[in-house]
Amino acid sequence: MIVPIKKERIFRVLSTQENLTITKISEQTKLAKSYVSKVVNELKKKEIAFGAEKIHVSYDKLIREWGILKRRIFESMQPLIIDILIPDRLKSIIKNYAISGPFAEMLVQGESSGKPIIVYISEEEMEKRKSQIYKLGSIGKGFVHIYVYDEDILRYKLEIKGWKIVSIPQLCADLIAEGMFADLGMKLFERWLNAGRRI
């Protein structure tokens, strides 16, 4: 697993929980305290995080920084791209997944084109379902992008309209990373914060 993906675990916790300490973040993310402390100190230098014992964050700055990090991660990975005429067929094959990107935004907020569909699954799930997934459509083209990913991303998923989607902050960071959907990501994040972190 490349380091920036591990760093995302810290962003997930910082964006969804309060009254955090280095120890609590370490326990939640299953990352070494030394690594958590290093990342938090980086965020403090950028004036994104602050506080000595309790860690507080500027949420606007945090989500933008997460989007930058996520862009680097996307650029370093090669998803399985597949052309599936009826995306719902994917749900009949993979069970432990979470979707993100414009399709997830369309389900939640309804302002994007809905393409592409970003799908996160574990390495184990991919190994078990690979042959079935390959039979769903043409490989190498299409708007379904499947990423074999850190399973931590699946801990925060919620279900909307029959689909399992990533947490709202994760969705927003992914939209920001996509560039052309950055404004939609920021808008959704602000709406989520203003609603008391509920949808």
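The structure presented is a predicted model; accordingly, all values stated were derived computationally and were not measured. (Residues numbered from 1 in each chain as written. Predicted model: local features only at pLDDT ≥ 70, side-chain atom pairs only at ≥ 80, totals over all residues. Heavy atoms only, no water.)

(A) Region of the structure containing the overall build of the protein chain. Each helix and strand counted, the protein chain has 9 helices and 9 strands in total. The C-alpha radius of gyration computed for the protein chain amounts to 17 Å, which stays within 12% of the reference 16 Å derived for 199 residues, consistent with globular compactness. Seen through its C-alpha atoms, the protein chain measures out along the principal axes to roughly 55 × 35 × 25 Å. The buried share among the 199 residues of the protein chain stands at 51%. Long-range contacts, defined here as pairs at least 24 residues apart, represent 70% of the contacts in the protein chain between residues at least 6 apart. As displayed, the protein chain has an accessible area near 9800 Å², and 49% of this comes from carbon and sulfur atoms. (Helix = DSSP H or I, 4+ residues; strand = E, 2+ residues; numbered from the N terminus. Rg over C-alpha atoms; globule rule 2.2 N^0.38 Å. Buried < 20%, exposed > 50% of the residue type's maximum accessible area, 1.4 Å probe, protein only. Contact = heavy atoms within 4.5 Å. Areas by Shrake-Rupley, 256 points an atom, 1.4 Å probe, with all protein chains shown as cover.)

(B) Layout of the pattern of salt bridges. Overall, the coordinates contain 12 salt bridges when judged by the stated rule. Residues Arg-197 and Glu-18 are paired through a salt bridge, measuring 3.2 Å at the closest nitrogen-oxygen approach. Taken as a pair, Arg-197 in the segment after helix H9 (182-194) and Glu-18 in the loop between helix H1 (3-16) and helix H2 (22-29) lie far apart in primary sequence, 179 residues in all. The class for Glu-18 is exposed, based on a relative accessible area of 56%. One salt bridge connects Glu-111 with Lys-187, and the closest N-O pair in it is separated by 2.6 Å. Here Lys-187 lies in helix H9 and Glu-111 lies in the loop between helix H6 (101-108) and strand S5 (117-121), a separation of 76 residues in the sequence. What you see here is one network of salt bridges that share partners, running through Glu-8, Arg-12, Lys-70, Asp-152, Arg-155 and Asp-174. (Salt bridge = Lys/Arg side-chain N within 4 Å of Asp/Glu carboxyl O.)

(C) Structural view of the environment of Gln-132. Structurally, Gln-132 can be placed in helix H7 (residues 123-134). The class for Gln-132 is partly exposed, based on a relative accessible area of 34%. Separated by 60 residues in the primary sequence, Gln-132 and Trp-192 have C-alpha atoms spaced 36 Å apart.

(D) How the structure looks around the nonpolar core. Among the nonpolar cores identified, the biggest contains 70 residues, and Leu-14, Ile-25, Ile-99, Val-119, Ile-133, Val-144 and Ile-146 are the most heavily contacted of them. Setting aside its immediate chain neighbours within four residues, Val-119 contacts Leu-90, Ile-94, Tyr-97, Ala-98, Ile-99, Val-144, His-145, Ile-146 and Tyr-147. (Core = buried A, V, L, I, M, F, W, Y, C linked by side-chain atoms within 4.5 Å.)

(E) Quick peek at the pairing of S5. Burial runs high along S5: 5 of the 5 residues are buried. Sheet topology places strand S4 (residues 97-100) next to S5; 4 bridges connect them, and they run antiparallel. Residue pairing for S5: Ser-100 is matched across the bridge by Ile-118. Pairing between S5 and strand S7 (residues 144-148): 5 bridges, direction parallel. Within the sheet, the bridge partner assigned to Ile-118 lies in S7 and is His-145. (Pairing = 2+ DSSP bridges.)

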